[in-house]
Amino acid sequence: MYKKLLLIISIFLLVTTSSAKSSFSDPQPSFENPRKVVYSLKVSDLETVNATLGTMYNILKEYPAESLKIAVVVYGKGMRVLRKDYDEDTSNRIKSLMEYDVEFIACKNTMQTMNWTEDEFIDDISYTQAGIVELVERQVDGYIGITAY
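Just so it is clear, the model here is predicted, and its values are computed rather than measured.

When helix α5 (residues 131-140) is considered as a whole, its buried residues turn out to be G131, E134, L135 and R138. The buried residues of α5 all sit within an arc of 100 degrees when viewed along its axis, so they share a single face. Residues of α5 that are buried sit in contact with β1 (35-41), β2 (68-74), β3 (103-107) and β4 (126-128). Just beyond α5, the residue with positive phi is G142, at close to 100 degrees.

Listed below in structure tokens is the structure:
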């Protein structure tokens with residue numbers, strides 16, 4: 001009987017402690033002190049873009065919504081990703097992320113170089129003149145920089 005009880009307790013402890021939960025560093029993320037992440041997206045190949053979007057979903061799953069800000073600065077070849085004529089499934093993933101308050105910011109310098117206009121891009125994205133400057137300024141403002149891989 002004692003061995004059975006010990007076995008049950010051991011299994012219970014193993015099961016309850018083995019589920020990996022993220023532990024947050026101090027100060028804990030909160031509404032007043034959110035974690036801030038800025039992605040640099042300068043590529044347009046489908047595999048890299050979708051892997052990058054997947055990491056955003058992973059971050060969103062771990063943090064309470066009010067304690068997280070994600071911005072994605074898109075420039076150079078990455079600008080194709082925000083065009084309405086890009087891959088439909090990927091565009092839908094981007095729109096879904098936007099519903100979770102992920103901000104997508106497009107580079108006007110790239111648009112001007114490519115002779116693209118705002119009506120060619122997904123609705124409700126933001127614009128900045130120089131994407132690279134936006135990245136610098138976000139990091140100065142405390143955002144953690146992540147580059148698409």
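Quick look at the pattern of salt bridges now. Here the structure, examined in full by the defined rule, presents 7 salt bridges. Linking R83 and D85 is a salt bridge whose minimum nitrogen-to-oxygen distance equals 3.0 Å. It is possible to trace a salt-bridge network through shared partners that takes in R83, D85 and E120.

Once that is clear, we can look at the environment of D45. Position of D45 relative to the elements: it lies in the loop between β1 and α2 (46-62). C-alpha of D45 to C-alpha of R80: the two residues are 35 residues apart in sequence and 9.3 Å apart in space. A polar contact of 2.7 Å, which involves the side chain of D45, links it to the side chain of T48.

Another aspect to go through is the nonpolar core. One broad trend across soluble globular proteins is that nonpolar side chains are buried collectively. Of all hydrophobic cores here, the largest spans 36 residues; its most connected members are V72, L82 and F104. Where this core is concerned, the elements lending two or more residues are β1, α2, β2, α3 (88-99) and β3. For this core, the leading source of residues is β2, giving 6 residues. The residues touching F104, leaving out its near neighbours within four places in the chain, are L53, M56, V72, V74, L82, I94, L97, M98, I125 and S126.

The next thing to look at is the packing of α2 against α3. Two elements in contact, α2 and α3, have axes whose closest approach is 11 Å; the angle formed by their N-to-C orientations is 25 degrees. Looking at the two axes, α2 sits roughly parallel to α3. Our pair here, α2 against α3, has a crossing hand that is left-handed. Facing α2, whose interface residues are L46, V49, N50, L53, G54, M56, Y57 and L60, α3 presents T90, R93, I94, S96 and L97. Considered class by class, the residues forming the contact of α2 with α3 number 8 nonpolar, 4 polar and 1 charged.

One open sheet accounts for 5 strands, arranged β4-β3-β2-β1-β5; its pairing is parallel. With one partner strand each, in any of the chains shown, β4 and β5 (144-147) form the two edges of the open sheet. Sheet twist, expressed as the average angle between the axes of neighbouring strands with direction ignored, equals 25 degrees. As paired strands, β2 and β3 are joined by 4 bridges and run parallel to one another. Each bridged residue has a counterpart across the sheet, and for V72 the counterpart in β3 is F104. Those strands touched by α2 are β1, β2, β3 and β5, and its axis lies near 165 degrees from that of β2. Lying over the sheet, α5 contacts β1, β2, β3, β4 and β5, oriented at roughly 160 degrees with respect to β1.

Rules behind the numbers
Residues numbered from 1 in each chain as written. Predicted model: local features only at pLDDT ≥ 70, side-chain atom pairs only at ≥ 80, totals over all residues. Heavy atoms only, no water. Buried < 20%, exposed > 50% of the residue type's maximum accessible area, 1.4 Å probe, protein only. Helix = DSSP H or I, 4+ residues; strand = E, 2+ residues; numbered from the N terminus. Arc of directions from axis to C-beta. Contact = heavy atoms within 4.5 Å. Salt bridge = Lys/Arg side-chain N within 4 Å of Asp/Glu carboxyl O. Polar contact = N/O pair within 3.5 Å; in protein donor to acceptor, adjacent residues only side chain to side chain. Core = buried A, V, L, I, M, F, W, Y, C linked by side-chain atoms within 4.5 Å. Axes fitted to C-alpha atoms, helices over the stretch in contact; angles between N-to-C directions. Parallel < 35°, antiparallel > 145°, perpendicular 65-115°, else oblique. Left-handed = near helix turned anticlockwise from the far one by under 90°. Nonpolar A, V, L, I, M, F, W, Y, C, P; charged D, E, K, R; others polar. Pairing = 2+ DSSP bridges.

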